[in-house]
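Topology and contacts: notes
In case you want the letters, here they are:
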Amino acid sequence: MAKEDFGMNLFCKSFTKIKKTDFMCTPFTLESYDSFAFTSANAVQYFLENIDKKLLAKKNIFSLQGATREELLLKELVPNIIAPNVDELGKLIKWKKEELNIQKILHPIGNLTLPDLRYVVIGSGMTYQDINVYHTELNPIPVDAIPFKAILFFSPSAIDSFSMANRFSSDRVYVCIGNTTFTRLQYYTDTHNAVIAKKPTPEAMIMALSKKMRYD
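Scope of this entry: the structure provided in the associated data block. Along each chain, the written sequence defines residue order, and numbers are assigned to residues from 1. In view of the model being predicted, local features appear only for residues whose pLDDT reaches at least 70, and side-chain atom pairs are presented and counted only at 80 or more, with totals across whole chains, interfaces and linings using the full set of residues. Excluded from the side-chain calculation are hydrogens and water; included are all heavy atoms of the structure.

1. Considerations on helix α3 (residues 41-50)
Each residue's exposure class comes from its accessible area (1.4 Å probe, protein chains only) as a fraction of the maximum for that residue type: buried when under 20%, exposed when over 50%, partly exposed otherwise. Put simply, DSSP H or I for four residues or longer makes a helix, DSSP E for two residues or longer makes a strand, and each gets a number counted from the N terminus. Looking at α3, one finds that the buried residues are A43, V44, Y46, F47 and L48. Throughout, a contact is declared for two residues whenever any of their heavy atoms are within 4.5 Å. Of the surrounding secondary structure, the elements contacted by the buried residues of α3 are β1 (16-20), α2 (27-31), β2 (35-38), α4 (67-74), β5 (104-110) and β6 (127-138).

If you want it as structure tokens, here you go:
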């Protein structure tokens, strides 16, 4: 799509490595939760590999937009609440607490998942528990020698990994998949040349990049 629609050549580099973790979650444990929150496609994939998805059929399902929601739909699970980022997801869960009778939430996560959702849920008087279902390892790859005009970051951990082998340059445009990733970018560089995608999808990121380069 990038090349055909916008005249861009797109190169993919994996700055992180994802590994499944061993975890235990019995049907009895699952039954004790009325709601399940998913904030990454990896969490959906690895969590549902170990359990019978039918056990979630009558539960509340909360999800981020984009790849996370798409992965749930592939598993035939339709989210009750969908949000563009974790902050908005937490606000919607709090707002829908009485309507959906949300009392106890299980949140499948990775080892680098930030605790933002935990704070909102607990602060709103609900019970929160996370379960680590995958492990993210940083995979620094030097790319400074390649004259990229822009770099798209899909996670905060990808930015951390990039910084270990490369420098940030004001000559490049940086596109972030969401607010959390953008916040991490601010730790490393001036973000005057960075943009946030309107939706957490690769298509939206390329659209944001195209608009940035067209009007700058």
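Read on, since the account is not over.
2. Focus: the nonpolar core
The term nonpolar core refers to a set of buried residues drawn from Ala, Val, Leu, Ile, Met, Phe, Trp, Tyr and Cys, joined through side-chain atoms within 4.5 Å. Judged by nonpolar contacts, the single largest core of 20 residues is most densely connected at C25, F36, F38, F47, L56, L106 and V133. Every element with two or more residues in this core is listed here: β2, α3 and β6. Tallying contributions element by element places α3 first for this core, with five residues. Residues within four places of C25 in sequence aside, it is in contact with L30, F47, I51, L106 and I131.

3. A word on the pairing of strand β7 (residues 150-153)
Pairing between β7 and strand β8 (residues 173-176): four bridges, direction parallel. Note on β8: the bridge partner recorded for I151 is Y174. Handedness of the β7-helix α7 (residues 156-163)-β8 crossover: right-handed. Two strands make a pair as long as DSSP finds a minimum of two bridges between them. The handedness of a crossover follows from its direction of travel: if, with the strands pointing away from the viewer, the path from the first strand over the helix to the second runs clockwise, the crossover is right-handed.

4. A closer look at the pairing of β5
Within β5, six of the seven residues are buried, which leaves it mostly tucked inside the rest of the structure. Examined bridge by bridge, β2 and β5 share two bridges and lie parallel to one another. Residue pairing for β5: S35 is matched across the bridge by I105. As defined by bridge partners, β5 adjoins β6 across seven bridges and the pair is classed as parallel. Within the sheet, the bridge partner assigned to G110 lies in β6 and is Y134.

All quantities given are derived from atomic positions and should not be read as evidence of function.
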